[in-house]
Amino acid sequence: MTEPPGRRERKKAATRQKIADTALRLFLERGYDAVGIRDVAAGADVAVTTVFAHFASKEALVFERDQDFEQRLTRAVTDRPAHEPVIPALRHEVHGLVRHCTAQGSAPVRRMIEGSPALREYEESMGLRHAQALAAALAADPHLSRSVTACRATARFTIDAYALACRADDPAATVDEVFRMIGAAWEATAP
């Protein structure tokens, strides 16, 4: 059983969330390029160094759930029962992640990302990093016995399924369609 976070961890998490919420509010009000780190720090009533203690870059403020996203995907592989097939577990997790990115009120954030070359580039590099972490989790699972190439391709297509669904008219149908292809490819690579 996991220990509940202590007071220090709770305060740190609250500060991080306050910074992220302030940044997003300012970005949506004024435009991403018009807001600097100093503006975010002032709006959150923290020092600039505190912003950088929680976020490595201005772009990271927009993608504040980045680590959670990656952990959810890798845990779909590592925390599933050994007898449970991996592709349905990943599809289920991607459906949950897509519901978050398409939730009511998310459209302005998506438009902001699409309208900023810096944010699009950051999102793409983030996707590559997530795909690497997911590929490593797939390759490390002794019950899956797939080649490194199969693990890498499956991971990349999983990330692409998420990205396509977040921009689709019917996100759930898009996830299901892409995962039918992923599942077929995964089965074709079975030893």
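Structure shown above.
In every chain, residue numbers begin from 1 and rise along the written sequence. Two thresholds apply to this predicted model, a pLDDT of at least 70 for residue-level local features and 80 or more for giving and counting side-chain atom pairs, whereas whole-chain, interface and lining totals are computed over all residues. Note: side-chain values were computed over all heavy atoms of the structure, leaving out hydrogens and water.

**Topic: the overall build of the protein**
Point 1. We count a stretch as a helix when DSSP gives it H or I for four or more residues in a row; a strand needs E for two or more, and each element gets its number in order from the N terminus. Of the regular secondary structure elements, the protein holds ten helices and zero strands.
Point 2. When the elements of the protein are put in sequence order from the N terminus, they spell out α-α-α-α-α-α-α-α-α-α.
Point 3. Structurally, the protein occupies a C-alpha span of about 55 × 40 × 25 Å along its principal axes.
Point 4. Only protein chains enter the calculation, and the probe is 1.4 Å; a residue is then buried if its accessible area is under 20% of its type maximum, exposed if over 50%, and partly exposed in between. Per-residue burial over the protein gives 41% buried out of 191 residues.
Point 5. Considering only contacts in the protein between residues 6 or more positions apart, those separated by 24 or more positions represent 70%. Any two residues having at least one pair of non-hydrogen atoms within 4.5 Å are treated as being in contact.

**Considerations on the packing of helix H5 (residues 66-78) against helix H8 (residues 117-140)**
Point 1. Packing of H5 against H8 brings their axes to within 9 Å, and their N-to-C directions diverge by 25 degrees. Put simply, H5 runs roughly parallel to H8. Helix-helix and strand crossings are classified by hand; for H5 and H8 the assignment is right-handed. On H8, the residues that touch Asp66, Gln67, Phe69, Glu70, Leu73, Thr74, Val77 and Thr78 of H5 are Tyr122, Met126, Arg129, His130, Ala133, Leu134, Ala137 and Leu138. For helices, the fitted line uses only the C-alpha atoms of the stretch in contact; every axis is such a line through C-alpha atoms, and the angle between N-to-C directions lies from 0 to 180 degrees. Put simply, angles under 35 degrees are roughly parallel, angles over 145 are roughly antiparallel, angles from 65 to 115 are roughly perpendicular, and the rest are oblique. When the near helix sits turned anticlockwise from the far one by under a right angle, the crossing is termed left-handed; a clockwise turn instead gives a right-handed crossing.

**Looking at helix H9 (residues 148-166)**
Point 1. By this rule, a helix spans an expected 1.5 Å times one less than how many residues it contains. Given a rise of 1.5 Å per residue, 19 residues ought to cover 27 Å, and the 27 Å separating the end C-alpha atoms of H9 matches this to within 8%.
Point 2. Buried residues of H9: Ala150, Cys151, Thr154, Ala155, Thr158, Ile159, Ala161, Tyr162, Ala165 and Cys166, and no others. End-on view of H9: buried residues confined to an arc of 165 degrees, all on one side of the axis. Those residues of H9 that are exposed and aimed more than 90 degrees away from the buried face are Thr149, Arg152 and Leu164. The arc under discussion is defined with respect to the helix axis, by the directions toward the C-beta atoms.

**Remarks on the environment of Ala190**
Point 1. Here Ala190 shows up in the segment after helix H10 (171-188).
Point 2. Residue classification places Ala190 among the partly exposed residues on the basis of a relative accessible area of 35%.

**Considerations on the packing of H5 against helix H6 (residues 86-101)**
Point 1. Following both chains from N to C, one finds H5 and H6 inclined at 155 degrees, their axes separated by 8 Å at the closest point. It follows that H5 is roughly antiparallel to H6 by the angle criterion. For the pair H5 and H6, the crossing hand works out as right-handed. On the side of H5, the interface is formed by Phe69, Arg72, Leu73, Ala76 and Val77, while H6 contributes Val86, Ala89, Leu90, Glu93, Val94, Gly96 and Leu97.

**Topic: the pattern of salt bridges**
Point 1. For salt bridges, the criterion is a side-chain nitrogen of Lys or Arg within 4 Å of an Asp or Glu carboxyl oxygen. Counting across every chain of the model gives twelve salt bridges.
Point 2. Its salt-bridge partner being Arg65, residue Asp68 comes within 3.5 Å of it at the nearest N-O pair.
Point 3. Overall, Arg65 belongs to the partly exposed group, its relative accessible area being 42%.
Point 4. The salt bridge involving Glu123 is made with Arg110; its shortest N-O contact spans 2.8 Å. Of this pair, Glu123 sits in helix H8 while Arg110 sits in helix H7 (residues 107-114), placing them 13 residues apart in sequence.
Point 5. Glu123 sits in the buried class, given a relative accessible area of 15%.

**Observations concerning the state of the cysteines**
Point 1. Pairs of cysteine sulfur atoms within 2.5 Å are identified as disulfides in what follows. Evaluated as defined, the whole model comprises one disulfide.
Point 2. Note on cysteine connectivity: Cys101 is disulfide-linked to Cys166, with sulfurs 1.9 Å apart. Its torsion about the S-S bond being -115 degrees, the disulfide of Cys101 and Cys166 is classed as left-handed. Of this pair, Cys101 sits in helix H6 while Cys166 is found in helix H9, placing the two residues 65 residues apart along the sequence.

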